Amino acid sequence: MHVLHISYECYPFAKVGGMADVVGALPKYQTALDARASVVMPHFNRDWDQYGTLESVFEGGFHLDWEYIRFVVLRHPEVEGFELYSVGIPGKFDRPEIYSYRDDVQRSVAFQRAVLTWLSAMDAATRPQVLHCHDHHTGLIPFMAAHAYEFAELNRIATCFTIHNAAYQGAFSWDLLRLLPAFHGDRSGLLDWNDAINPLASAIKCAWHFNTVSRGYLDELFHSGHGLEGLIRSEAGKASGILNGIDTAVWDPASDPLLEVHLKRSIDVFKRKSKAEVCAGTDLDPKLPIYLFIGRLAYEKGADMLASILGDFMSHYDDVQCIVLGSGDPQIENKLRHLEQFFHRRARTFIMYNETLAHRLYAGCDFLLMPSRVEPCGLNQMYCMRYGGIPIVRRIGGLRDTVEPLSESGGNGYVFDHLEINEVRNVLSASRRLYQDGKQMSKVRQRNISIDFSWEHSAKQYLDTYASLLA
Ligand code: GLC
C-alpha cells in the first residue's frame, strides 16, 4: 500500500495547529505497519538545511491565469519514519508565514496543481495508490484528479479527505475559476456551494472517502456543520470518524528531550519536580495547583472567555494559580495581559508559540483547561494526560470522546456542558478539592499516564479504509 499525504502543515517543518502533529505522526505509524507513507507539503521559507540535504526530483510548470508557475519537487532523504517531499514555488511559498496572505487562493491552487502535475508525470507503477488530503488547502485535489482533462491519468487513484476543522472552508468567488485546469463544464456543480467555489464542500463531494478526526465531531457536523450539514448528511455513506492519536515517541515523559525532568518510577515525583522547575521559572508557588491553557487564542477555543473564567476562579479562591501560553486574537491577548497584571502573583501569560515551553508546562501543570466551542479532536488533552495532568474540558467533539468524567469508579478529568462562568467555576472548584486530597489526585494521575493514546489503532483504521477503497 502506498499513500501520499498532501498537507500544508507537517510537524516539525511547519506547524500552526494540531493538523501538523497529525501529518507528522500518522505516516510514521503507517510506515511501521508496512505501508509506504509519504508526505508532500509546500516548501515554505524555513531553515530546511537543519533537516539534512535536499534532492530535486522533479521540475515542472503550468499556466495559472496570467502567470506561468515554475515549481520544483524536493525530496528530504534524511527525515525519519516517512518519505518527505516539499514543493518549491518561487514567489508563492518562500515567505515566513504559512497562511493569511492576500493571494492565499492562488497559492493553494498552485500547490495542488503542482502536486498533481508531478504525479501525472510519474510512471504509473511508482505512483501512490491513495492520495490522502488534509483540510481545505488540499480540498480541490479530489475534484481535479477525477475531472481535469490534464490529470486524466490520475482518475483511478483513490482519494481520502480528512476534515480537521470544518469551520475553515477556503471558499472563493467563481471569478477565480480561471485558476483551475480545464474540465467538462457539466462537472462544475462538484465545486460549488452557495454560489462559490468551496474546496471543503468539493472534497466532501468528490473524495472517495472522507473522515473527521473524532466520531463525536462527525455527529456534531450532521446537525451543525458551518453551513455544510445538509451536504455532510447526504454524503454520510462514505464518512467515518477516526480519532487522532499522539506521537508517543515525541511525547514520552521518560525521554522527551525538551523536558528538564524525566519520569522514572513515580508519577508523583515526576510531577513534583517538573512543577518545581516551572515555578522556579515563573515565580509561582509550587504548593498551589496550576491551571494551564495552551493553544491558539481564538473564539473557537473559548479563549475569549479565559480571562473571565480564570479571573473569577482566582477571585473566589486565593490558593489557585494559572498559566496561559498561546497567541492569536490581539483583543484576547490584551485581556490576558491584564489578567496577569491584576493577579500578578498567581497568573502568568506567555503570548507566543513555544514548543519547548509547552512540553515543560504540560509536565509541570496540575490541570489543563480546554473550554473550546469547537474541538474536532483536540490533542492537548492527550498530551496533558500523557504527562500526568488532569484535563477540564467542554463536552464536545473529540474532547467528549477522549476524556471520561471522573466518578467514584474511574474517569480521567472534568467535563462541563456550557461555556458559562458559574458552571465552569463549579467544575474548577471540584478539581481544587481533588488537588487538596493528595491520594485521590495521585490515583487519577496514575490512571491518566497509563492510557494508550498511540497512533497504532487509528493508523490501522486508515489503512483499512484505503484498502476498502481499492478493493
Ligand atoms: C484542528 C482541530 C483540532 C484537531 C487538530 C488535528 O486543529 O481544531 O481539534 O485535534 O486539527 O486533527
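The structure presented is a predicted model; accordingly, all values stated were derived computationally and were not measured.

Thresholds applied
Residues numbered from 1 in each chain as written. Predicted model: local features only at pLDDT ≥ 70, side-chain atom pairs only at ≥ 80, totals over all residues. Heavy atoms only, no water. Pairing = 2+ DSSP bridges. Helix = DSSP H or I, 4+ residues; strand = E, 2+ residues; numbered from the N terminus. Axes fitted to C-alpha atoms, helices over the stretch in contact; angles between N-to-C directions. Contact = heavy atoms within 4.5 Å. Core = buried A, V, L, I, M, F, W, Y, C linked by side-chain atoms within 4.5 Å. Buried < 20%, exposed > 50% of the residue type's maximum accessible area, 1.4 Å probe, protein only. Phe/Tyr/Trp six-rings, centres within 6.5 Å; stacked < 30°, edge-to-face > 60°. Lys NZ or Arg CZ within 6 Å of the ring centre and 35° of its normal. Near = heavy atom within 4 Å. Polar contact = N/O pair within 3.5 Å; in protein donor to acceptor, adjacent residues only side chain to side chain. Areas by Shrake-Rupley, 256 points an atom, 1.4 Å probe, with all protein chains shown as cover. Nonpolar A, V, L, I, M, F, W, Y, C, P; charged D, E, K, R; others polar.

What to know about the sheet that holds strand β5 (residues 83–88)
Whether parallel or antiparallel, the strands of a sheet pair through hydrogen bonds between backbone atoms.
Here comes step 1: Read from one edge to the other, the open sheet built from nine strands follows the order β3-β4-β5-β2-β1-β6-β7-β10-β11, with strand pairing classed as mixed. Of all the strands in the sheet, the pair left with one neighbour each is β3 (55–64) and β11 (239–241). Between one strand and the next, the sheet's axes are offset by a mean angle of 20 degrees, whatever the strand orientation.
Here comes step 2: Two strands pair when backbone bridges link them, and strand β10 (residues 209–212) and β11 are joined in this way by three bridges, in the parallel orientation. Considered in β11, the bridge of T212 is made with G241.
Here comes step 3: Packed on one face of the sheet, helix α4 (residues 199–206) meets β7 (158–163) and β10 and runs near 135 degrees to β7.

Looking at the nonpolar core
Here comes step 1: With 73 residues, the main nonpolar core has I6, V87, L116, W118 and L119 as its most contacted residues.
Here comes step 2: It is helix α2 (residues 104–121) that provides the largest number of residues to this core, a total of nine residues.
Here comes step 3: Setting aside anything within four residues of it in sequence, one finds L116 in contact with L131, I141, M144, A145, F151 and L154.
Here comes step 4: By size, the runner-up hydrophobic cluster in this structure holds 55 residues, among which are I323, L361, L368 and I449.

Some remarks on helix α8 (residues 306–316)
Here comes step 1: Of all 11 residues in α8, eight are buried, a share of seventy percent or more.
Here comes step 2: Inspection of α8 places L306, A307, I309, L310, G311, D312, F313 and M314 among the buried residues, and these make up the whole buried set.
Here comes step 3: Against the buried residues of α8 lie β12 (290–294), β13 (321–326), α9 (330–342), β14 (347–351), β15 (367–370) and α13 (421–436).

Let's talk about the packing of aromatic side chains
Here comes step 1: Applying the stated criterion across every chain yields a total of 21 aromatic pairs.
Here comes step 2: Judged by centre distance (5.1 Å) and plane angle (55 degrees), the rings of Y85 and W118 are tilted. Remark: W118 occurs in helix α2 and Y85 occurs in strand β5; sequence separation between them is 33 residues. The pair Y85 / W118 is uniform in exposure class, with both members buried.
Here comes step 3: Taken together, the ring pairs in this structure connect Y8, F44, F93, Y99 and F111 into an aromatic cluster.
Here comes step 4: The ring of Y101 has R95 sitting right over it, with the charged end atom 4.7 Å from the ring centre.
Here comes step 5: For R373, the ring lying beneath its charged end belongs to Y299, and the centroid distance is 3.7 Å.

Some points on the site of the ligand
Here comes step 1: Taken together, 13 residues lie near the ligand, and H164, N244, E375, C377 and G378 sit nearest.
Here comes step 2: At a separation of 2.8 Å, an oxygen atom of the ligand approaches a polar side-chain atom of N244.
Here comes step 3: With the chains in place, 93% of the 310 Å² that the ligand exposes on its own is no longer accessible.
Here comes step 4: The class makeup of the residues in the shell around the ligand is six nonpolar, five polar and two charged.

Looking at the side chain of S429
Here comes step 1: Among the structural elements, S429 can be located in helix α13.
Here comes step 2: S429 gets classed as buried once you look at its relative accessible area, which sits at 7%.
Here comes step 3: A polar atom in the side chain of S429 sits 2.7 Å from the backbone oxygen of R425.
Here comes step 4: Apart from residues lying up to four places away in sequence, S429 is in contact with F313 and Y317.

Digging into unusual backbone geometry
Phi is mostly negative for residues that are not glycine, and the peptide bonds are mostly trans.
Here comes step 1: Following Y11, the chain continues into P12 via a peptide bond in cis, with omega recorded as 5 degrees.
Here comes step 2: By the element assignment, P12 lies in the loop between β1 (2–6) and α1 (18–32).
Here comes step 3: With phi around 50 degrees, N194 is a residue other than glycine that occupies positive phi space.
Here comes step 4: Position of N194 relative to the elements: it lies in the loop between β8 (192–193) and β9 (196–197).
Here comes step 5: Looking at N194, the relative accessible area reads 65%, which means it is exposed.

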